[in-house]
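Observations on the model geometry
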Amino acid sequence: MDVKGTYEVRTYGCQMNVHDSERLSGLLEDAGYVRAPEGTAEGEADVVVFNTCAVRENADNKLYGNLGRLAPVKARRPGMRIAVGGCLAQKDRDTIVKKAPWVDVVFGTHNIGKLPVLLERARVQEEAQVEIAESLEAFPSTLPTRRESAYAAWVSISVGCNNTCTFCIVPALRGKEKDRRPGDILAEVEALVAEGVTEITLLGQNVNAYGSDMGDREAFSKLLRACGTIEGLERVRFTSPHPRDFTDDVIAAMAETPNVMPQLHMPLQSGSDTVLRAMRRSYRQERFLGIIEKVRAAMPDAAISTDIIVGFPGETEEDFEQTLHVVREARFAQAFTFQYSKRPGTPAAEMEGQIPKEVVQARYERLVALQEEISWEENKKQVGRTLEVMVAEGEGRKDDATRRLSGRAPDNRLVHFAKPDEPVRPGDMVTVEITYAAPHHLLAEGPAKAVRRTRAGDAWEKRNAAAAEKPKGVMLGIPTIGAPAPLPEASAPGCGLA
């Protein structure tokens, strides 16, 4: 196939956007493009794709700022093409081309598979192509894929959301929940394992509501158990569940399926029943803490993380104290905390009782300080434990300087450990003893107790060798290897992950 040029995909937002971007990259490579080499200057790729997020109040300002910087580049390189997709494209539609007429393609969350066709149409017709589908055209997981990791993969089990949280615009942009058939999901997982993948993360806007589209309330627990029967699949994770749909059969499936990891990310959002009601979150503090108690009874070593919004409209000091109370009771390993910001188009943006910025900031700092203290205390309990760590690449910024490697424990805690004498690769397993704990990582300073080379390490090695053999100028780029990261900051509550 003739090379059409280089491409770059810039991803903003939640894991669903990361998943979609892997498909966008796959589509472009299937159409004859190659990934721009690492270190390519801004705007020097032949095709630049923005996969956008609509969660933050200033999301559009960020997009138009980035597009503005490319305007003079586009004027200098008229053959270059710029595409904008994702949630902000679904929301703003024609506005993008009006504000940035140098954009060539605008596509939505439901028709990412059309990107190569729209780029070619824009080239031939020499005018912007705007195509926003109102319903899903093809499940993203069925599209060609360029995965960023050789051993860890996202597997989407559903898209869309049936909830109506007042702070969230996702249902309006991604539509009602649509589930994939279990056989299709398991076939994808088996194919990934055959390629060398040993860890998967099941992904959905509201992952444990899986089955509502099919009328089976236990479909998600059945899916977890089915993943447990796949030979060679060592680690199964999922994100993010909603407390409303978190049932006892899911807890049992997690506890009884060896390759389902003892890790749970479950968004709290607020500890106040009053605020939860205003958010239209269909659970209350007692229900949330009850789930935590059941999970800990079934899996004492489980690491539980959460999302919390501070300063939701109408939040009083008493409401905020209730959030602090839940944090103390739940003892989260980690909390992703966000200061409330208006999402245009959501009911909360028009609510009375918007909290002054200085009050929100002060509460936010108190919450972060409390959670840091708890995270450190919980991590200290790991000292002395022997853990099998899956080696990652790019997780430890100081690894080269400290002669350490980094990876993830079964509960997804980040572990830095001394480099073993024998060579290890991302995807391999190293057994270490934890000697020190910090609030956000663990340290194993002694020699490794064991090293287990894996098919995942073989896959990483093969992939890197293939990339190194590509002629200069058309390299696919060395992939970023590592377990799917914990929820990034941009994946704020309401971005599509419960």
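Residues numbered from 1 in each chain as written. Predicted model: local features only at pLDDT ≥ 70, side-chain atom pairs only at ≥ 80, totals over all residues. Heavy atoms only, no water.

Counted only if it meets this: UniProt positions are given in the numbering used here, feature names are shortened, and annotations may be inferred rather than shown by experiment.
Identification of the protein chain as tRNA-2-methylthio-N(6)-dimethylallyladenosine synthase from Streptomyces caatingaensis is taken from an unreviewed UniProt entry. Quoted verbatim from the Subunit (unreviewed entry) heading of the UniProt record, the comment on the protein chain is "Monomer." Recorded in UniProt under Sequence similarities (unreviewed entry), the annotation for the protein chain is "Belongs to the methylthiotransferase family. MiaB subfamily."

Regarding the pattern of salt bridges
Heads up, the condition is: What makes a salt bridge here is a side-chain nitrogen of Lys or Arg within 4 Å of a carboxyl oxygen of Asp or Glu, nothing more. Only protein chains enter the accessibility calculation, which uses a 1.4 Å probe; a residue whose area is less than 20% of its type maximum is buried, one above 50% is exposed, and one in between is partly exposed. A run of H or I in DSSP becomes a helix once it reaches four residues, and a run of E becomes a strand once it reaches two; helices and strands are each numbered from the N terminus.
Summed over all chains, the structure comprises 37 salt bridges. Linking R180 and E188 is a salt bridge whose minimum nitrogen-to-oxygen distance equals 2.6 Å. Here R180 and E188 have matching classes, each one buried. The salt bridge partner of R331 is E378, with a shortest N-O separation of 2.7 Å. Of this pair, R331 sits in the loop between α12 (317-330) and β14 (334-339) while E378 sits in helix α13 (residues 357-380), and the two are 47 residues apart along the sequence.

Re the UniProt feature "domain: Radical SAM core" (unreviewed entry) in the protein chain
The feature "domain: Radical SAM core" (unreviewed entry), as given by UniProt, occupies residues 147-378 in the numbering adopted here. Segment residues 147-378 splits into 40% helix and 16% strand. End C-alpha atoms: 33 Å apart.

Structural notes on the sheet that holds strand β10 (residues 199-203)
Sheets are built from strands paired through backbone hydrogen bonds, the pairs being either parallel or antiparallel. Let me state the cut-off plainly: Pairing between two strands is assigned when DSSP locates at least 2 bridges connecting them. Every angle, taken between N-to-C directions, lies between 0 and 180 degrees, and every axis is a line fitted to C-alpha atoms, over only the stretch in contact when it is a helix. In what follows, a contact means two residues having at least one pair of non-hydrogen atoms within 4.5 Å.
Within the open sheet, the three strands sit side by side as β7-β10-β11. Their pairing is parallel. Of all strands in the sheet, those bounded by a partner on one side alone are β7 (152-156) and β11 (235-239). Ignoring strand direction, the axes of neighbouring strands in this sheet form an average angle of 25°. Contacts from helix α1 (residues 15-30) reach β7, β10 and β11, with the element oriented near 100° to β7. Strand contacts of helix α7 (residues 182-194): β7 and β10, with the helix running at about 170° to β7, the strand carrying the most contacts.

Here we look at the packing of helix α11 (residues 285-298) against α12
Selection rule: Comment on the angle field: the value is read as roughly parallel under 35 degrees, roughly antiparallel over 145, roughly perpendicular from 65 to 115, and oblique elsewhere. Residues are grouped as follows: nonpolar covers Ala, Val, Leu, Ile, Met, Phe, Trp, Tyr, Cys and Pro; charged covers Asp, Glu, Lys and Arg; every other residue, Gly included, is treated as polar.
Here α11 crosses α12 at 10°, and the two axes come no closer than 11 Å. Taken together, the axes of α11 and α12 are roughly parallel relative to one another. Across the interface between the two elements, Q285, F288, L289, I292 and R296 from α11 touch Q322, H325, V326, E329 and A330 from α12. A per-class count over the contact of α11 with α12 returns five nonpolar, three polar and two charged.

Brief notes about the sheet that holds strand β12 (residues 263-265)
An order of β12-β13-β14 is seen for the three strands of this open sheet, with the pairing classed as parallel. Since the sheet does not close on itself, it has two edges, and those belong to β12 and β14, each with one partner. Strand-to-strand twist in this sheet, taken as the mean axis angle between neighbours without regard to direction, amounts to 10°. As paired elements, β12 and strand β13 (residues 303-310) share three bridges and run parallel to each other. Within the sheet, the bridge partner assigned to L264 lies in β13 and is I304. Sitting on the sheet, α13 is in contact with β13 and β14, with an inclination near 175° to β14.

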